[in-house]
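# Understanding the architecture of this molecule
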Amino acid sequence: MLRPSRAGMVWAFAFLLLALSLACTAFSQAPAPQSQAPAGTDKISDRKSSAATDSKSQDDKNKSSADDNAVDSDQDKSSDQDKSSDQDKSGDQEKSTKPESNPANKITPQQAEQLFHEVDTILDFASKDTELPIKHSVKRRLTSREEVVAYLKKNMAEDKDVQRLRRTELVLKKFGLLPKDFDLQTFLVSLLEEQVAGYYDANTKTVNLLDWVLPELQRPVLAHELTHALQDQNFGLDKWLKKGSDDIDSKKNLTPDDITKDENSEARQAIVEGQAMVTLLDYMLAPLHRNVADSPEIVDMLNEDMQTGTPESVQYKNAPIFLKESLTFPYRYGVQFEAAVLRAQGKAKAFSVPFENPPRTSREIMEPKTYLAGEHIPPLPLPDFKKIFKDYDRFDIGAIGEFDVDILAEQYAGKDVANQIYPNWRGGYYYSVHPKKNPQGDLGLVFVSRWASIKAAEEFAGVYAQGMAARYKNLEAMPGNNLPANLKQLRTLGGDHAWKTAEGDVVIAVKGDTVLVTESLDASITEQFRHAVFASSAQ
């Protein structure tokens, strides 16, 4: 599984908020009943996308200033009646307050105090929306940009998933998912600094509000992040997420089930974020007396807008396809998954059962019907890696799941082709090595995938071959390949084919429903994998 780490916290992104604003604004023209909307909500027209733009312009002016203001949840408690009254009064005040009236270009102390008051009201909304009970109040804190960046860097330095990411970075570059000179960790910090709009820290049990984001954007963020607080109170969020985050590279004796478990972490993250997105959407739709369950089109509109980002999201827009898709996966596919389960089986299934019986793979998240049907795909048999790679040191190993092949296909052949390819995935893994005698030499790679049919296997092999021209300089087909000089013309690829590159030979072999790829490995090693992989696939 090739993913950037979550670095120990659950957050909301700025581009999500704009996408939500755009999607929900489309509903604001619809006739709504005249009865009072649920407490803790206001008019969608007050949450237009211009607020996100204003917030971003605040950000740009605000990078040199910091705010040490922090408030605990034990402060400023009031009754629900007082909170509702306070909200009504502050709404008019906030609408009349122009950004330039605040010299520091941050939210005012009065706005911050009002947000702290509203935490409990929005927590009550989230609890009713999810049917997850409130066990205790939630601590809240106002955080500066500098504090968020320091937090990100600290967690990325200590988090074991980030340590794996540094190792996997070389594999990502081998697959062509990152440029050769790309500094992944530096870019991730810059991207998250640009995009984070709020976060819940499961270690300190604190929801963190950001002092540079406008209040009208922080309220839906609170609905999102307070859902994480409820998940934490009911299921132990950090512990539950860690159950799916084993680093299989540390295991000496790998089993096929270890490969399947490598996707557990991403599937669980999609549950966590998907549920929070449902609550956020329901909060924004509440003034119209609509929700995700009865408005399926809102999820489609949200995901379409989310993929484009905002004009101000420079880092996000410049991110490689891999990063864009990976960072939005838990939100886009998570909310689709939760919405599908919600409509099919109600709130109990959508909010409690996925924690008790979580999906295990990205396939179950991307295609909720497979989860609801209890589909079980048997794991791929594994060759004897120790025997075949006796002259190599293991560098990294992981699952290649349905979402991974979606990204690979999009990188090599475009989104339309990827959408046709990924539903046919039925298993996959990669294993990378360095020669013992040359630890600084080219990274060797074996990649095995299984597909729903022979036709699907040959289609993916053709897509993979298309990507090689961009990944390798001086690509030269071996004699007898009988393939077009321009590999982009390939639509399918069957049989056994090899190319010479500056980094060693590349082989793509297809037999039945299985595709074997080896890169930068000796011919004798490739031959051993041909025998081991295709013999097991024939059984």
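Everything below is about the structure printed above this text.
Throughout what follows, the structure given in this document is the object of discussion. (Residues numbered from 1 in each chain as written. Predicted model: local features only at pLDDT ≥ 70, side-chain atom pairs only at ≥ 80, totals over all residues. Heavy atoms only, no water.)

### Quick word on the sheet that holds strand β11 (residues 514-519)
- An order of β5-β6-β7-β11-β10-β9-β8 is seen for the seven strands of this open sheet, with the pairing classed as antiparallel. Bordering the open sheet on either side are β5 (392-399) and β8 (476-477), each of which pairs with just one other strand.
- Bridge count between strand β6 (residues 425-435) and strand β7 (residues 444-451): seven bridges; the pairing is antiparallel. Each bridged residue has a counterpart across the sheet, and for Trp 425 the counterpart in β7 is Trp 451. (Pairing = 2+ DSSP bridges. Helix = DSSP H or I, 4+ residues; strand = E, 2+ residues; numbered from the N terminus.)

### As for the nonpolar core
- If you look at the biggest cluster of nonpolar residues, it comprises 80 residues, and the most contacted ones within it are Phe 175, Trp 451 and Ile 508.
- It is helix α14 (residues 321-356) that contributes the most residues to this core, 15 residues altogether.
- Grouped together as the second largest cluster of nonpolar side chains are 25 residues, Ala 112, Ile 122, Leu 280 and Met 284 included. (Core = buried A, V, L, I, M, F, W, Y, C linked by side-chain atoms within 4.5 Å. Buried < 20%, exposed > 50% of the residue type's maximum accessible area, 1.4 Å probe, protein only.)

### What to know about the pattern of salt bridges
- Tallied over the entire structure, the rule returns 28 salt bridges.
- A salt bridge links Glu 503 to Lys 174; the nearest nitrogen and oxygen atoms lie 3.2 Å apart. With a gap of 329 residues between them, Glu 503 in the loop between β9 (495-501) and β10 (504-511) and Lys 174 in helix α6 (residues 160-174) connect regions that are remote in the sequence.
- The salt bridge partner of Asp 406 is Lys 415, with a shortest N-O separation of 3.4 Å.
- Connected via shared salt-bridge partners are Glu 325, Arg 332, Asp 406, Glu 410 and Lys 415. (Salt bridge = Lys/Arg side-chain N within 4 Å of Asp/Glu carboxyl O.)

### Topic: the packing of α14 against helix α18 (residues 402-413)
- The N-to-C vectors of α14 and α18 enclose an angle of 140 degrees; their axes lie 11 Å apart at closest approach. By the angle between their directions, the pair α14 and α18 is classed as oblique. Considering only the axes of α14 and α18, their crossing is right-handed. Along its contact with α14, which presents Ile 321, Phe 322, Glu 325, Ser 326, Phe 329 and Tyr 333, the element α18 presents Phe 403, Asp 406, Ile 407, Glu 410 and Gln 411.
- The residue inventory of the contact of α14 with α18, partitioned by class, reads six nonpolar, two polar and three charged. (Axes fitted to C-alpha atoms, helices over the stretch in contact; angles between N-to-C directions. Parallel < 35°, antiparallel > 145°, perpendicular 65-115°, else oblique. Left-handed = near helix turned anticlockwise from the far one by under 90°. Contact = heavy atoms within 4.5 Å. Nonpolar A, V, L, I, M, F, W, Y, C, P; charged D, E, K, R; others polar.)

### Let's talk about the pairing of β11
- Of all the six residues making up β11, six are buried; the element is thus mostly covered by neighbouring parts of the structure.
- Burial along β11 is two-sided: Thr 514, Leu 516 and Thr 518 and Val 515, Val 517 and Glu 519, pointing in opposite directions, are all buried.
- Relative to β11, β7 runs antiparallel, the two being bridged by six bridges. Its bridge partner lying in β11, Phe 447 is registered against Val 517.

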